[in-house]
Amino acid sequence: MSFLSKQVKRPLVAAVTSTALMFGASVAVQAAEPDLPSTMTWSSYDVGSAGYAEASAIADAFGKQYGTRIRIQPSGSAIGRLQPLLSGRAAVGFLATETFFAAEGIYDFSTRQWGPQDLRALAGRPSSIGIFTAKDAGIETLEDLKGKRFAYVAGNPSINVKCNAFLAFAGLTEDDLEAVMFPTYASAMGSLARGEADASCTTTTPSHVYELAESPRGIRWLNMDPEDTESWAKVNEVAPFFAPFKETIGAGISEENPVDIMAYRYPVLAVKSDMDADTAYNMLKAVDETYPLYKAATAAMPRWDINLAGVPAIDVPFHEGAIRYLKEKGIWTDEHQAWNDARTARLNALLEAWPKAVAEGEGKSDEEFAQIWEKHRQQALGSL
């Protein structure tokens, strides 16, 4: 039984005009409301985060439009956000890059207790990210990063994997740089203004990048040609959830001075793959239909427009129920379907490889098992 099958459902709403019935004219039927439960639980980042604020705004809109009461369960850890979803205590997770990590069975999810998770996406708000440099560092292209001081965040794979995807675009790896590891995100992002590094990667609006822009060093964002399909293919080998994005908001960025960088999805509306297709359809329909109620809640909320949030690339495949709604809206294309088919094949290959790794790792140490799983994981990806 699905999570939502136990909940009280709202009736479909249909209306016809008495005049039409009286004279036998065409019946005018109002669009049915999404069939939602009376109560739901969603997981999200901590209180105070963008993800929590956005989940709260959408939850408030659900309450106003449909009377659905939503409880948001916040957590500061990736596992803390995934567990309620996977156990069925939450219907939807407003997640970040842990969606991809969980599906891949990497980092926190590479242990015997986890492995790759069969997740799907309903939608995800585009969030841009770019490589920023000190303007006086002489770095004008991604290729110019070779040999330069690059700031990484210790123990933060969510940031670091994104930085390495940029390097892949230029055919570089971390070994081609002078990698400088900082203990916190704040210290890494502030390192350029302090003269301790020459480049790093982040979103375009944190206070640290504005501080760099106003410092004597100045700021530059490195462009990525959206038409360079060969380089984008290299990016997608590292992280298949990125797509080209023209950003017009941020430190040193404007409508008159945009930058071609890339976007990932945060938050991702993640669900389990076995969610009933009608449930997924109705959930995405409700997110779309309540958009006018929440689109002004934060500066980022306009990017929940279904035409932006309902298309690839994203961390995991789209749910079949979400695809049905997107097709009805005229948004889903053959190109989107091809992306989704390839992403599903990748996830299925990892799900099939996991039991083999577990069997081979029986009785082995955690360190040995990690190597065994990575071997099987690479074999599975190499077979695609």
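Residues numbered from 1 in each chain as written. Predicted model: local features only at pLDDT ≥ 70, side-chain atom pairs only at ≥ 80, totals over all residues. Heavy atoms only, no water.

**As for the overall build of the protein**
Note the threshold: In this description a helix means any DSSP run of H or I spanning at least four residues, a strand means any run of E spanning at least two, and both kinds are numbered starting from the N terminus. Here the globule rule reads 2.2 Å times residues to the power 0.38, and the radius of gyration is calculated from C-alpha atoms. Burial here depends on accessible area, computed with a 1.4 Å probe over protein chains only, as a share of the maximum for the residue type. Under 20% is buried, over 50% is exposed, and the range in between is partly exposed. A contact between two residues is defined here by any heavy atoms of the two lying within 4.5 Å.
On a plain count of helices and strands, the protein comes out with 14 helices and 10 strands. Taking 2.2 N^0.38 as the reference for a compact globule, 384 residues should give roughly 21 Å; the C-alpha atoms of the protein span a radius of gyration of 23 Å, in line with that estimate. Principal-axis analysis of the C-alpha atoms places the extent of the protein at approximately 80 × 60 × 40 Å. Counting every position in the protein, which comprises 384 residues, the buried fraction comes to 51%. Summarising the internal contacts of the protein: among those between residues at least 6 apart in sequence, 72% fall at separations of at least 24.

**Some points on the pairing of strand S3 (residues 92–95)**
Selection criterion: A pair of strands is labelled paired if DSSP reports no fewer than 2 bridges between them.
Burial along S3 is two-sided: the residues Val-92 and Phe-94 and Gly-93 and Leu-95 are all buried. As paired elements, strand S1 (residues 39–44) and S3 share 2 bridges and run parallel to each other. Within S3, the residue paired with Trp-42 across the bridge is Val-92. One ladder, built from 3 bridges, connects S3 with strand S10 (residues 259–272); its direction is antiparallel.

**A closer look at helix H13 (residues 334–360)**
An α-helical segment advances 3.6 residues per turn. Residues three or four places apart therefore align on the same side. Condition: Working rule for helices: expected span equals 1.5 Å times residues minus one.
For H13, spanning 27 residues, the distance from its first C-alpha to its last is 40 Å, which sits close to the expected 39 Å at 1.5 Å a residue. Within the span of H13, buried status applies to His-336, Trp-339, Asn-340, Arg-343, Thr-344, Arg-346, Leu-347, Ala-349, Leu-350, Ala-353, Trp-354 and Ala-357.

**A look at the nonpolar core**
What counts here: Take the buried Ala, Val, Leu, Ile, Met, Phe, Trp, Tyr and Cys residues and link them wherever side-chain atoms come within 4.5 Å; each set so joined is a nonpolar core.
Ranked by internal contacts, the top residues of the largest apolar core, which has 110 residues, are Trp-42, Leu-145 and Phe-242. Of the residues forming this core, the biggest block, 9 residues, is contributed by S10. If we ignore the near neighbours within four places in the chain, the residues touching Leu-145 are Ile-131, Ile-139, Phe-150, Leu-167, Leu-172, Leu-177, Ala-199 and Leu-222. Among the nonpolar cores identified, the runner-up in size contains 10 residues, and Ala-353, Phe-369, Ala-380 and Leu-381 belong to it.

**Brief notes about the packing of helix H5 (residues 157–169) against helix H8 (residues 229–238)**
Quick note on the threshold: Inter-axis angles, ranging from 0 to 180 degrees, are taken between N-to-C directions of lines fitted to C-alpha atoms, where helices are fitted over the stretch in contact. Throughout this description, any angle smaller than 35 degrees is read as roughly parallel, any larger than 145 degrees as roughly antiparallel, any in the 65 to 115 degree range as roughly perpendicular, and the remainder as oblique. Should the near helix be turned counterclockwise from the far one by less than a right angle, the crossing is left-handed, whereas a clockwise turn marks it as right-handed. Amino acid classes used here: Ala, Val, Leu, Ile, Met, Phe, Trp, Tyr, Cys and Pro are nonpolar; Asp, Glu, Lys and Arg are charged; the rest, including Gly, are polar.
Here H5 crosses H8 at 150 degrees, and the two axes come no closer than 7 Å. Taken together, the axes of H5 and H8 lie roughly antiparallel to each other. Crossing handedness for the pair H5 and H8: right-handed. Together, Val-161, Asn-164, Ala-165, Ala-168 and Phe-169 of H5 and Ser-231, Trp-232, Lys-234, Val-235 and Val-238 of H8 make up the contact between the two elements. Across the contact of H5 with H8, the residue classes break down as 7 nonpolar, 2 polar and 1 charged.

**Quick notes on the confidence of the model for the protein**
Heads up, the rule is: Every residue gets a pLDDT, meaning the predictor's confidence in that residue, from 0 to 100.
With 92% of its residues at a pLDDT of 70 or more, the protein shows a mean pLDDT of 90. A low-confidence stretch, residues 1–30 (pLDDT under 50), is modelled with 40 contacts involving residues beyond four sequence positions or located in other chains.

**Considerations on the pattern of salt bridges**
To keep it simple, the criterion reads: The working definition used for a salt bridge is a side-chain nitrogen of Lys or Arg within 4 Å of a carboxyl oxygen of Asp or Glu.
Counted under the stated rule, the structure contains 18 salt bridges. A salt bridge links Arg-81 to Glu-98; its shortest N-O distance comes to 2.6 Å. Of this pair, Arg-81 sits in helix H3 (residues 78–87) while Glu-98 is found in helix H4 (residues 98–104), placing the two residues 17 residues apart along the sequence. What makes Arg-81 buried here is its relative accessible area of 2%. One salt bridge in this structure joins Lys-329 and Asp-288, with 3.1 Å as the shortest N-O distance.

**Structural notes on helix H2 (residues 50–66)**
Its 17 residues place the ends of H2 24 Å apart at the C-alpha level, agreeing with the 24 Å of an ideal helix rising 1.5 Å per residue. Those residues of H2 not exposed but buried are Gly-51, Glu-54, Ala-55, Ala-57, Ile-58, Ala-59, Ala-61, Phe-62 and Tyr-66. Directly beyond the C-terminal end of H2, a positive phi value near 80 degrees is found at Gly-67.

**Some remarks on the packing of helix H9 (residues 277–289) against helix H12 (residues 320–328)**
The contact between H9 and H12 brings their axes to 7 Å, and the two run at 50 degrees. Between H9 and H12, the angle falls in the class oblique. The interaxial crossing formed by H9 with H12 has right-handed handedness. Contacts between H9 and H12 involve Ala-277, Asp-278, Ala-280, Tyr-281, Leu-284, Lys-285, Asp-288 and Glu-289 from the former and Glu-320, Gly-321, Ala-322, Arg-324, Tyr-325, Leu-326 and Glu-328 from the latter. Looking at the contact of H9 with H12 residue by residue, the class counts come to 7 nonpolar, 1 polar and 7 charged.

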